[in-house]
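Given next are the chains, with one letter for each unit.
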Amino acid sequence: MTSASDDAPLDPAGMLELLERQQSDVHRRTAKLIPWILFAWGVTWLVGYGALWLVDGLGPAFSLPLGVAVAVFVGLMAVSVALSAVLGGLSGRGMKASKQSNFTGAVFGCTCSVAFLAIYVVGAQLSALGMPAEVANVYFPVMYTLIIGILYLVAGAIWRAVPSVVLGGLLAAVALAAGFSAYPTPYLVIAVAGGGVFLAGGLVIALWVRGRFGIPQR
Amino acid sequence: MSELDPVIHAQARLRITSALATLDLGDSIAFPRLQELLDMTAGNLSTHLRKLEDAGYVDVAKTHQGRTPVTYLALSKRGRRAFEDYMDQLRSLLGGTA
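Undergrad: Can you tell me about the overall build of chain B, naming the residues and giving the values?
TA: Helix and strand counts for chain B stand at four helices and three strands. Traced from its N-terminal end to its C-terminal end, chain B shows the element sequence α-β-α-α-β-β-α. A principal-axis box enclosing the C-alpha atoms of chain B has dimensions of 50 × 25 × 20 Å. Burial analysis of chain B (98 residues in total) assigns 35% to the buried set. Across chain B, every contact between residues at least 6 apart in sequence was considered, and the portion connecting residues at least 24 apart equals 55%.

Undergrad: Mind laying out the overall build of chain A, listing which residues take part and the relevant values?
TA: Helix and strand counts for chain A come out as eight helices and one strand. Each helix and strand of chain A, ordered N terminal to C terminal, gives the series α-α-α-α-β-α-α-α-α. Considering only C-alpha atoms, chain A reaches an extent of 75 × 40 × 30 Å along its principal axes. Put simply, of all contacts in chain A between residues at least 6 apart along the chain, 67% involve residues at least 24 apart.

Undergrad: Account for the packing of helix α3 (residues 34-53) of chain A against helix α4 (residues 66-91) of chain A, naming residues and giving values.
TA: Residues and elements named next belong to chain A. Viewed as axis vectors pointing N to C, α3 and α4 meet at an angle of 170°, and their least axial separation amounts to 9 Å. Our classification of the angle between α3 and α4 gives roughly antiparallel. Contact residues: α3 offers Ile34, Trp36, Ile37, Ala40, Trp41, Thr44, Val47, Gly48, Ala51 and Leu52, while α4 offers Ala69, Val72, Phe73, Leu76, Met77, Ser80, Leu83, Ser84, Leu87, Gly88 and Ser91. A per-class count over the contact of α3 with α4 returns 15 nonpolar, six polar and no charged.

Undergrad: Account for the interface of chain B and chain A, naming residues and giving values.
TA: With 29 residues of chain B in contact, the opposing surface of chain A contributes 27 residues. Looking at the side of chain B that touches chain A, the elements with two or more residues in it are α1 (11-21), β1 (28-30), α2 (31-38), α3 (42-54) and α4 (77-93) of chain B. Considering each element in turn, the side of chain B that touches chain A owes the most residues, six residues, to α1 of chain B. Split into classes, the residues belonging to the side of chain B that touches chain A amount to 13 nonpolar, 11 polar and five charged. Pairing of strand β1 (residues 95-96) of chain A with β1 of chain B involves two bridges; the strand directions are antiparallel. Across the sheet, the residue bridging to lysine 96 of chain A is serine 28 of chain B, located in β1 of chain B.

Undergrad: Explain the sheet that holds strand β2 (residues 58-65) of chain B to me, using residue names and the numbers behind them.
TA: One open sheet accounts for four strands, arranged β1(A)-β1(B)-β3(B)-β2(B); its pairing is antiparallel. The open sheet has two free edges, formed respectively by β1 of chain A together with β2 of chain B, since each of these has just one partner strand. Examined bridge by bridge, β2 of chain B and strand β3 (residues 68-75) of chain B share eight bridges and lie antiparallel to one another. Its bridge partner lying in β3 of chain B, histidine 64 of chain B is registered against proline 69 of chain B. Each of β1 of chain A together with β1 and β3 of chain B is contacted by α2 of chain B, which is oriented at about 85° to β1 of chain B, the strand it contacts most.

Undergrad: Can you tell me about the nonpolar core, naming the residues and giving the values?
TA: The biggest cluster of nonpolar side chains holds 32 residues, and the ones touching the most others in it are Trp45, Tyr49, Leu52, Leu171, Val174, Ile190 and Ala191 of chain A. Of all the secondary structure elements, the ones that give two or more residues to this core are α3, α6 (133-158), α7 (162-178) and α8 (185-209) of chain A. The leading source of residues in this core is α3 of chain A, at 11 residues. If we skip the residues at most four places from it in the chain, alanine 191 of chain A touches Trp45, Leu46, Tyr49, Gly50 and Trp53 of chain A. Core analysis: the second largest hydrophobic core is formed by 29 residues, Ile29, Leu45, Tyr57 and Tyr86 of chain B among them.

Undergrad: Can you explain the pairing of β3 of chain B? Please cite residues and give values.
TA: When β1 of chain B meets β3 of chain B, the two strands line up antiparallel, connected through two bridges. Opposite alanine 30 of chain B, over in β3 of chain B, you have tyrosine 72 of chain B as the bridge partner.

Undergrad: Summarise unusual backbone geometry; cite the residues concerned and give the values.
TA: Residue and element names in this part refer to chain A. Looking along the chain, the bond that leaves glycine 59 and enters proline 60 is cis, with omega of 0°. Residue position: proline 60 is located in the loop between α3 and α4. A cis amide bond links tyrosine 183 with the next residue in sequence, proline 184, at an omega value of 10°. Even without glycine at this site, arginine 160 takes up a positive phi of about 50°. A count of 13 C-beta atoms within 10 Å places arginine 160 in the partly exposed class.

What counts and how
Per chain, residue numbering runs from 1 following the sequence as it is written. Following the order in which they are written, the chains are lettered starting with A and the ligands numbered starting with 1. Totals for whole chains, interfaces and linings use all residues, but because this is a predicted model, local features are given only for residues with pLDDT of at least 70 and pairs of side-chain atoms are given and counted only at 80 or more. Each helix is a run of H or I in the DSSP string that is no shorter than four residues. Each strand is a run of E no shorter than two, and both are numbered from the N terminus. Around each residue's C-beta, the other C-beta atoms within 10 Å are counted; 20 or more make the residue buried, 12 or fewer make it exposed, and counts in between make it partly exposed. All C-beta atoms are placed from the backbone. Note on contacts: residues are paired as contacts if their backbone-placed C-beta atoms lie within 7 Å. Here, axes are lines fitted to C-alpha atoms. For helices the fit covers the stretch in contact, and angles between N-to-C directions go from 0 to 180 degrees. An angle below 35 degrees is treated as roughly parallel, one above 145 as roughly antiparallel, one from 65 to 115 as roughly perpendicular, and anything else as oblique. Classification used: nonpolar for Ala, Val, Leu, Ile, Met, Phe, Trp, Tyr, Cys and Pro, charged for Asp, Glu, Lys and Arg, polar for all others including Gly. Any two strands with at least two DSSP-identified bridges between them are counted as paired. Each nonpolar core consists of buried Ala, Val, Leu, Ile, Met, Phe, Trp, Tyr and Cys residues. Their C-beta atoms, within 7 Å, join them into a set.

Right, here's the structure in full:
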């Protein structure tokens, strides 16, 4: 079943080029659904946080009812979580992780949950201690954006993924920038800059998957 | 300069080992998924995998998902070491530092 060309080696330069091209091709093929995950989160942040900003951002000329804004935000988050789970599962189909890899993934997943819960618990406690609603409306979006950025940085370090490190660094920078403004501006900053980071990241990965340029993997 | 490892020094087997080396140590991939990633026929892939398995470079684990038999493939420690040595040899042959 083998052809002569399968068994015949190329010259050393050709073999090294074949090796590098094959590894790059595997990385691209296994990442082909990643842009859709990033696009989903980009739209979710842009529209979801944008809706929260519209509650008071254009007042008094226009105000989106709080219930509608929260429903849009939560609904889009739920869709993106579900889409990420489905597309992530499809990306990893046919792959079986070792016990060590499963342990790493489980600990990282638990770390995400603990981090999100901790931000909520601390925020709730601060509110109980008298933190004004205007400050809470800075604390929650900024802290969630910051922790998501840090988690992308950590994921990039664990799985040696340069794009994840860049994305995480940019999200952390967006969070810090948003933290220097007063309510409702943080929602606008996170919607436009945070959503923009996801959309730009999706575009870059999509172009890379199509072979337009190289991205260092590790 | 020692001779390049003849088990890896063939286009098809170099492609297979290169693809398997992208997995983390201990992780494995199902035969159909590897075939899809490499764009190789099942027969061709099987033939070259057997040569790699005979050399101890690839670990083959046969299991079942429900009633469907599934074969998972991974680069063994020996295979990973041989692949890295091969890569270093190529680079030093080309004048780089191994």
